[in-house]
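Here's the letter readout for the chains.
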Amino acid sequence: MPIHEKSLIRPENLIRNEQLIIDGVDVSGDWSTFIAPRVITDYNEALEPEIAALPGGEHIHRCWQCGSCSNACTVNALNPDFNPRYWIYLIRLGLESELLRDKDIIWQCVSCNKCTHICPRDVDPEGVMKATARWLELKGHTPPSPAMEFDNIFSAQVITTGRIEEGRLLRKFFAHTGQKLTQDWLLGLVRGLVMRMPVGLLLRLGWAGVRAPRTRKWASTQRAIEEFIIEQEAAQRVALGLPPGETR
Amino acid sequence: MNDPVLVLGGGPAGLSAAHALAAAGQNVLLVDKENVLGGAPILSGYAKLVPSGEWAKDAIGGMVDRVRADPRIEVLTGERVMRFDGNPGAFNVALGSGATRAVSAAILCTGFTHFDSVNKPEWGFGTYPDVVTTTQVEQMISSGRGVHCPSDGRKPARVAILLCVGSRDRQIGREWCSKICCTVSSNLAMEIREEIPECSVYIYYMDIRTFGLYEDKYYWESQEKHHVKYIKARIAEVTSNGDRLIVKGEDTLVKRPITIPFDLVVHAIGMDPNVDNMTISAVFDVQLEKHGYLAKASSYSAMCGTSRPGVFTAGAATGPETIDDSIAQGQAAAMAALASLRTGLPQAAE
Ligand SMILES: Cc1cc2nc3c(=O)[nH]c(=O)nc-3n(C[C@H](O)[C@H](O)[C@H](O)COP(=O)(O)OP(=O)(O)OC[C@H]3O[C@@H](n4cnc5c(N)ncnc54)[C@H](O)[C@@H]3O)c2cc1C
Ligand code: SF4
Ligand code: SF4
Ligand code: SF4
């Protein structure tokens, strides 16, 4: 749906009175159906640099609003309100309140990068979506998105062990996001694996799942990576005007 | 030896035509109504030119010096042509001073007139001192004074550049695109950002026409390196809240009205037909095209020709034109004039 067809009456302002009679006149129904003033009275020039300070958002200022990204977008095809071009514009103008109206769908980007591959200006819209989700999270507007949770668990595992073990990763992620391990698609996947994989490999896979092997001499690397991450996160928080803080 | 060729107008086109003729051994009579040569870039004090990045006073000044030093070119400034009659190869020119001269051909390089923003009163020029034109900003930069608000001399924190002022507007009978103002505006926006890094610059546009190789060099560069913002809106009105200017319009991408405060509003003024064109048309008996520029003969058979044999034209006299193209056309007109003198008038391509 093009933006101008978005309902101008904000549903959150509606007051519904199932039964309201004033002085004998029945005035039941929707109240507060007025359209709030939509005039843009100033630009907030702080928002774009904040998004640009987060990984993936660096090239947002290149966007010339051609709409290729939204047209190509996997999620937009399912939900027309998911509109990367529009959000990029809101960020560039600093229309923060407008952006926040969509805070609960921005994180739904599936990182398919169709937008990235079609963007004529190399804006990296997928990166901008990521940066925006991260911004919403850091500013406390949204809880960490499932994608962000996954990234955190993934990197935590790499950092502590120096390698990645998919079974453990999935188990942790599912536990963290309250998903069952017995989902049909997953059971199917495991069944398929068990049937097709050589026994030796299967054994190794199982063993790795239990033992959680580590890369040898990993400690110093681990320390360096951890320091780097702490540094980066502090820098991001400062760029957003937040105290350097204690994350992770 | 032929009588000299008359070159009327000493801007980029005329300077180029005069130099090319002289270089080919032809004597030239260069007449300009102003007291200095150089045309708009010198008369209006442009700063750094598109696309060379050279200062106008160096680049065009160099062309002026070359013409001034050429013994084959006689320069008459502060002078006009009152009458022009005769036939190809043997024309007579009556000058404003009363003198008459014999010339063999004429090249009209009389250029354009800057659009006068007073004719768009809704955009505040003439009402608010901090509404200025691109020429004024060029002058602020070239004079060394720097970009500032004329009202109190302060450095602007936020600048709006309005494109297409005096172009592409049926309301004021201007149905042409002035071609260079998008690029010039991107260039000025970058210069403002360089001089005042904490100043935000917004360009309000209907289309961005930074044609050809100006696309990445100006439009993209201004966005990518200098963070100039482009808003798709034709501004409806510029007013003031007593403190700052207020720009009103509709942001067509989010379909929302805007009333945004600015410190400095810049009109990207267009290139009108020269106000003298009616007179020039009468004196030289050449036709004007429908917008009021000098009508060109067919490019395919009579490049740089006019409706009158033996009278040629080049540059912004024929429509909005860039400096580089005006220079190229000046040289092409010189070639056409020389060819007509050596071999008689070319018959239209048959
Ligand atoms: C703000 C602004 C910035 C610009 N910046 C650039 C830029 O960076 N790069 C670029 O490529 N282009 C630029 N342009 C366009 C540029 O000004 C023109 O391309 C160029 O001036 C055209 O040259 P010309 O010789 O045809 O005409 P003009 O420069 O107009 O010269 C015409 C000459 O003829 C004389 N004349 C006029 N009428 C008569 C008459 N009746 N009798 C005798 N003499 C007469 C005038 O005095 C003048 O000297 C800019 C334009 C504007 C408005
Ligand atoms: S990466 Fe995200 S924004 Fe880009 S096309 Fe895929 S779902 Fe849409
Ligand atoms: S495809 Fe690129 S340039 Fe076009 S709207 Fe999307 S991000 Fe902007
Ligand atoms: S060049 Fe750009 S600003 Fe100038 S008239 Fe054309 S579109 Fe408008």
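Residues numbered from 1 in each chain as written. Chains lettered and ligands numbered in written order. Predicted model: local features only at pLDDT ≥ 70, side-chain atom pairs only at ≥ 80, totals over all residues. Heavy atoms only, no water.

### Thoughts on the packing of aromatic side chains
What characterises a pair of aromatic rings is the spacing of the ring centres plus the angle enclosed by the ring planes.
Argument step 1. The full count for this structure, using the stated rule, is 17 aromatic pairs over all chains.
Argument step 2. Taken together, the aromatic side chains of Trp64(A), Tyr205(B), Tyr219(B), Trp220(B) and Tyr230(B) make up a single cluster linked through ring pairs.
Argument step 3. Seen from the ring of Phe262(B), Arg158(B) lies directly overhead, with NZ or CZ sitting 5.8 Å from the centre. (Phe/Tyr/Trp six-rings, centres within 6.5 Å; stacked < 30°, edge-to-face > 60°. Lys NZ or Arg CZ within 6 Å of the ring centre and 35° of its normal.)

### A short note on the sheet that holds strand β2 (residues 28-32) of chain B
To summarise the sheet geometry, strands pair through backbone hydrogen bonds and adopt either a parallel or an antiparallel arrangement.
All names here are of chain B.
Argument step 1. Taken in spatial order, the 5 strands line up as β3-β2-β1-β7-β18 in an open sheet, and their pairing is parallel. Strands at the two margins of the open sheet, each flanked by one partner only, are β3 (73-77) and β18 (311-313). Taking each pair of neighbouring strands and ignoring which way they run, the sheet shows an average axis angle of 20°.
Argument step 2. Summarising the sheet, strand β1 (residues 5-8) and strand β7 (residues 105-108) pair through 4 bridges and their orientation is parallel. Of the residues in β7, the one forming a bridge with Leu6 is Ala106. (Pairing = 2+ DSSP bridges. Helix = DSSP H or I, 4+ residues; strand = E, 2+ residues; numbered from the N terminus. Axes fitted to C-alpha atoms, helices over the stretch in contact; angles between N-to-C directions.)

### With respect to empty space enclosed by the protein
Argument step 1. All chains considered together, the criterion is met by 5 cavities of 30 Å³ or more.
Argument step 2. Estimates place the volume of the largest cavity at around 120 Å³.
Argument step 3. In terms of lining residues, the largest cavity is bounded by 13 residues, among which Cys63(A), Gln65(A), Tyr89(A), Arg92(A) and Tyr230(B) are the most central.
Argument step 4. Elements with a contribution of two residues or more to the lining of the largest cavity: α4 (84-93) of chain A together with α6 (214-224) and β12 (229-232) of chain B.
Argument step 5. Here the lining of the largest cavity is built from residues that sort into 9 nonpolar, 2 polar and 2 charged. (1 Å grid on protein atoms, 1.4 Å probe; cavity = no way out; pocket = protein on both sides within 12 Å on 5 of 7 lines; lining within 4 Å. Points joined across faces, edges and corners; volume = space filled by probe spheres on them. Nonpolar A, V, L, I, M, F, W, Y, C, P; charged D, E, K, R; others polar.)

### Let's talk about the site of ligand 1
All names here are of chain B.
Argument step 1. Taken together, 35 residues sit near ligand 1, with Asp32, Val50, Ala316, Glu321 and Ile323 positioned nearest.
Argument step 2. Backbone polar atom of Lys33 to a nitrogen atom of ligand 1: 3.1 Å apart, as the coordinates give it.
Argument step 3. Thr322 places a main-chain nitrogen or oxygen 3.4 Å from an oxygen atom of ligand 1.
Argument step 4. Relative to its free-state accessible area of 1,000 Å², ligand 1 is covered by the protein chains to the extent of 97%.
Argument step 5. Among the elements that make up the shell around ligand 1, the one with the highest residue count is helix α2 (residues 40-43) (3 residues).
Argument step 6. Here the residues of the shell around ligand 1 are counted per class, giving 17 nonpolar, 12 polar and 6 charged. (Near = heavy atom within 4 Å. Polar contact = N/O pair within 3.5 Å; in protein donor to acceptor, adjacent residues only side chain to side chain. Areas by Shrake-Rupley, 256 points an atom, 1.4 Å probe, with all protein chains shown as cover.)

### Some words on the pairing of strand β10 (residues 158-165) of chain B
Two faces belong to every sheet, and in a regular strand the side chains alternate between them.
Residue and element names in this part refer to chain B.
Argument step 1. For β10, the buried fraction is high: 8 of the 8 residues fall into the buried class.
Argument step 2. Looking at chain direction, β10 and strand β16 (residues 264-269) are connected through 5 bridges and run parallel. Following the sheet pairing, Val159 is matched in β16 by Leu264. (Buried < 20%, exposed > 50% of the residue type's maximum accessible area, 1.4 Å probe, protein only.)

### Observations concerning a positive patch on the surface
All names here are of chain A.
Argument step 1. Taken together, Arg163, Arg211, Arg216 and Lys217 make up a surface patch of like positive charges.
Argument step 2. Residue placement: Arg216 occurs in the loop between α12 (199-211) and α13 (219-239).
Argument step 3. Residue Arg216 is classed as exposed on the basis of its relative accessible area of 78%. (Patch = residues over 30% accessible without salt bridge, like charges linked within 9 Å, V, L, I, M, F, W, Y side chains within 5 Å. Salt bridge = Lys/Arg side-chain N within 4 Å of Asp/Glu carboxyl O. Lys, Arg positive; Asp, Glu negative; His and termini not counted. Charge placed at Lys NZ, Arg CZ, Asp CG, Glu CD.)

### Looking at the pattern of salt bridges
Argument step 1. For the structure shown, the criterion picks out 31 salt bridges over all chains.
Argument step 2. One salt bridge connects Asp30(A) with Arg16(A), and the closest N-O pair in it is separated by 2.8 Å. Placement of Asp30(A) in strand β4 (residues 29-31) and of Arg16(A) in strand β1 (residues 15-17) is noted, with a sequence separation of 14 residues between them.
Argument step 3. Classification of Arg16(A) as exposed rests on a relative accessible area of 55%.
Argument step 4. Note that Glu321(B) and Lys179(B) form a salt bridge whose closest N and O atoms lie 2.8 Å from each other. Here Glu321(B), found in the loop between β18 and α8 (323-343), pairs with Lys179(B), found in the loop between β10 and α5 (181-195); they are 142 residues apart in sequence, far enough to count as distant.

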